[in-house]
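Topology and contacts: notes
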Amino acid sequence: MSASSSLHLHVPEPSARPGQTTDFSYLKLSPAGAVAKPPLDVTAAQTAALADQLVRVLDDDGNAVGPWAEDIDDQLLLDAMHAMLKTRAYDARLVIAQRQKKTSFYIQCLGEEAIAIGQTLALRDGDMHFPTYRQQGILIAKGAPLVEMMCQVLSNAADPLKGRQLPIMYSYKEHGFFTISGNLTTQYIQAVGWAMASAIKGDTKIAAAWVGDGATAEGDFHAALTFAHVYRAPVILNVVNNQWAISTFQAIAGGENTTFAARGVGYGIPSLRVDGNDLLAVYAVSRWAAERARSNLGPTLVEWVTYRAGPHSTSDDPSKYRPADDAQRFPLGDPIERLKQHLVKRGLWSEERHEQTRAGYDAEISRALKEAETHGALGSELRPGPAEMFNDVYKDMPEHLRRQRQQLGA
Ligand SMILES: Cc1ncc(C[n+]2csc(CCOP(=O)(O)OP(=O)(O)O)c2C)c(N)n1
């Protein structure tokens, strides 16, 4: 390129659009077992090379290999499988409920189940997650009440949030699940503040911050990393790189020729890039990061490489912007299939048991939805009364809100 050629901007594009075939070589995968496990007190600079590789435990044959392969309790792996199957069944049923006009909106986490569930199982009760709308697996892994969660999605008379929130924007303090906000990335800096508060109080609890690849482009992401590094806050900074932010490819959020894990290194935060469809890798790395946080060694940033296998939401049609077979061709496969292969290999699981468990959850979820619907669904009269609209804006209702409530006759 000659120095006198005219300037132009580079606009990143995915390698394929509908009807074409994605070239996934941009992912730069490491073989299972190939990436080192550093000591807990590793420095950010020492993780620079790791942030460009990919921690993986499960190989193509379902064996657990390498330095991150831990002695994981059989029961924990079975719990993870159950939570993943239950989450997938929950999502599938609520997508249909949206099509049946029982709710206005839904967001599934298809293909990303291992990440939220693996990390939840690695943390303790009392730790606090600051999730996005795509970590319902946290609630399901923690055994949150399914019927009540569905009542929130249906905005019905039993909705714990009284119909004030868009479906799926749950809030469960008792399950360590911070109130979801529609404004991307706000929770990231809030998680760091919560972790700082835990340290100020001399507590032992840690926070988990969650964000998507697209949302890392928000200013709050950078503020969160700075604060987390400066005060060595006990927080896990999760970046779920599912390659897409609605119709925009991760390259346009800043992922081209670099990784989201590499961002953390620049802020002085030890950072890893991990196979997000490998439950064993998710669990091992989450435990490592949690142990760092609990040992006052500060934050860890983890980029989880995965693929958003479903539409962004029930309002989205991915066939307009990406190849239809992308999820099937994604080289890290499906997290449930990969764990299944491993569990079968360990003699803990079988095809029959898998199918039975899957069908069992389908039935349980259908029953739960029926029960939730007895409290109302979209379009029914059973819903929170209009007076609820004025409560909880402030701790005590000010005069002008009282007047407005009166004007409504509520
Ligand atoms: C501040 C803000 N800007 C834009 C939006 C609209 N919006 C909702 S989800 C989304 C994409 C987020 O993508 P990503 O962070 O990659 O997460 P994913 O949905 O893939 O899990 C956008 C742009 C929003 N909710 N908030």
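The notes below deal with the structure included here. Because the structure is a prediction, the values reported are computed rather than measured.

Points about the state of the cysteines
For the structure shown, the criterion picks out zero disulfides. Its sulfur unpaired, Cys-109 is 20 Å from the next cysteine sulfur, which belongs to Cys-151. Among the residues examined, Cys-109 registers a relative accessible area of 2% and is labelled buried. Overall, Cys-151 belongs to the buried group, its relative accessible area being 1%.

A look at the packing of helix H5 (residues 186-200) against helix H6 (residues 219-230)
For the pair H5 and H6, the least separation of the axes is 7 Å and the interaxial angle reads 15 degrees. Accordingly, the angle class assigned to the pair H5 and H6 is roughly parallel. Between H5 and H6 lies a crossing of left-handed hand. Between H5 and H6, the contacting residues are Thr-186, Tyr-188, Ile-189, Val-192 and Met-196 on the first element and Asp-220, Phe-221, Ala-223, Ala-224, Leu-225, Phe-227 and Ala-228 on the second.

Things to note about the sheet that holds strand E3 (residues 235-241)
The strand order across the open sheet built from five strands is E1-E2-E3-E7-E6, with neighbouring strands paired in parallel fashion. Every interior strand has two partners, whereas the edge strands, strand E1 (128-130) and strand E6 (271-275), have only one. Across the sheet, the mean angle from the axis of one strand to that of its neighbour is 20 degrees, orientation sign disregarded. Judged from the five bridges that link them, E6 and strand E7 (residues 300-305) form a sheet pairing that is parallel. Within the sheet, the bridge partner assigned to Ser-271 lies in E7 and is Leu-301. Against the sheet, helix H2 (residues 113-122) engages E1, strand E2 (207-212), E3 and E7, with an angle of about 175 degrees to E2.

Quick look at the site of the ligand
In the neighbourhood of the ligand, 15 residues make up the surrounding shell, with Tyr-133, Arg-134, Gly-182, Gly-214 and Trp-244 lying closest. Asn-242 places a side-chain nitrogen or oxygen 2.9 Å from an oxygen atom of the ligand. For the ligand, whose accessible area on its own is 590 Å², the fraction buried by protein is 71%. For the shell around the ligand, a count of residues per class yields six nonpolar, six polar and three charged.

Some points on the nonpolar core
Counting 79 residues, the largest nonpolar core has Tyr-90, Met-149, Ile-168, Tyr-170, Trp-304 and Leu-339 as the members making the most contacts within it. Leaving out residues up to four positions away in the same chain, Ile-168 has contacts with Phe-105, Tyr-106, Ile-107, Tyr-133, Gln-152, Val-153 and Ile-180. Grouped together as the second largest cluster of nonpolar side chains are 25 residues, Met-128, Ala-228, Val-235 and Ala-261 included.

Regarding unusual backbone geometry
Among all residues save glycine, negative phi is the norm, and among peptide bonds the norm is trans. Of note, Lys-101 is a non-glycine position whose phi angle comes to about 65 degrees, a positive value. Inspection of the secondary structure assignment puts Lys-101 in the loop between helix H1 (74-99) and H2. For Asn-257, which is not glycine, the phi dihedral falls at a positive 60 degrees. With respect to the helices and strands, the residue Asn-257 is situated in the loop between strand E5 (248-249) and helix H7 (260-266).

Focus on the side chain of Thr-132
One can find Thr-132 in the loop between E1 and helix H3 (136-141). Using a relative accessible area of 11% as the deciding quantity, one classes Thr-132 as buried. Of the polar contacts made by the side chain of Thr-132, one reaches the backbone nitrogen of Arg-134; its length is 3.0 Å. In this structure Thr-132 touches Ile-180, Gln-187, Trp-210, Val-211 and Gly-212, once residues within four positions along its chain are discounted.

Analysis parameters
Residues numbered from 1 in each chain as written. Predicted model: local features only at pLDDT ≥ 70, side-chain atom pairs only at ≥ 80, totals over all residues. Heavy atoms only, no water. Disulfide = S-S within 2.5 Å. Buried < 20%, exposed > 50% of the residue type's maximum accessible area, 1.4 Å probe, protein only. Axes fitted to C-alpha atoms, helices over the stretch in contact; angles between N-to-C directions. Helix = DSSP H or I, 4+ residues; strand = E, 2+ residues; numbered from the N terminus. Parallel < 35°, antiparallel > 145°, perpendicular 65-115°, else oblique. Left-handed = near helix turned anticlockwise from the far one by under 90°. Contact = heavy atoms within 4.5 Å. Pairing = 2+ DSSP bridges. Near = heavy atom within 4 Å. Polar contact = N/O pair within 3.5 Å; in protein donor to acceptor, adjacent residues only side chain to side chain. Areas by Shrake-Rupley, 256 points an atom, 1.4 Å probe, with all protein chains shown as cover. Nonpolar A, V, L, I, M, F, W, Y, C, P; charged D, E, K, R; others polar. Core = buried A, V, L, I, M, F, W, Y, C linked by side-chain atoms within 4.5 Å.

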